[in-house]
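Summary of structural features
Next come the chains, spelled out residue by residue.
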Amino acid sequence: MATWDDVRRIALALPETGERGSHDDLPAWRVRDKLFVWERPLRRADLDALGDTAPDGPILGARVPDLGVKEALLADDPEIYFTTPHFEGYPAVLVRLDRIGVEELTELITEAWYARAPKRLAAAHRAETE
């Protein structure tokens, strides 16, 4: 299963990505100052909303291209992907880091990067990797 070291390695391998603490001073990765993945521990309101289903392991927040992708991930594997009322209407998912494989994590982080990277940078990266 994936670790924070995996997240860091995968994210920083993408063009023009940097690591800078979020407003909570937790690890967060950005492309040209646009947040695409971040550490997101559950807050009191999240725990209250999730009740007994609240996970207790490490949680990664990840941007997704749109709400359709978010809904597909949530429906596809609720053991890995989940959300809270805080993210309602927002194109992001929460990920149980200790349950996702490195290959799937790589795909998720790369797609999060594409969702936030400037169009020209994203197109150049796609051209290099395809």
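For the structure, see preceding data.
The rules we used
- Residues numbered from 1 in each chain as written.
- Predicted model: local features only at pLDDT ≥ 70, side-chain atom pairs only at ≥ 80, totals over all residues.
- Heavy atoms only, no water.
- Helix = DSSP H or I, 4+ residues; strand = E, 2+ residues; numbered from the N terminus.
- Buried < 20%, exposed > 50% of the residue type's maximum accessible area, 1.4 Å probe, protein only.
- Core = buried A, V, L, I, M, F, W, Y, C linked by side-chain atoms within 4.5 Å.
- Contact = heavy atoms within 4.5 Å.

Let us now look at unusual backbone geometry. Within the chain, E16 stands out as a residue other than glycine whose phi angle is a positive 55 degrees. Structurally, E16 can be placed in the loop between α1 (4-12) and β1 (17-19). A positive phi angle, near 70 degrees, is found at D33, a position not held by glycine. By the element assignment, D33 lies in the loop between β2 (28-31) and β3 (34-39).

Let's shift gears to the environment of D98. Following the sequence through the fold, D98 ends up in the loop between β6 (92-96) and α4 (102-116). Assessed through its relative accessible area of 38%, D98 is described here as partly exposed. Spatially, the C-alpha atoms of D98 and R44 are 21 Å apart, while their sequence positions differ by 54 residues.

Moving on, we get to the nonpolar core. Residues F36, V37, Y81, V93, L105, I109 and W113 are the most contacted members of the largest nonpolar core, which totals 29 residues. Mapped by element, the contributors of at least two residues to this core are α1, β2, β3, β4 (59-63), α3 (67-76), β6, α4 and α5 (119-129). Residue contacts for L105: discarding those within four places in its chain leaves A2, D6, V7, I10, L60, L97 and I100. Of all hydrophobic cores here, the second largest spans 9 residues; its members include L42, L50, F87 and A92.

Geometry only, nothing functional implied.
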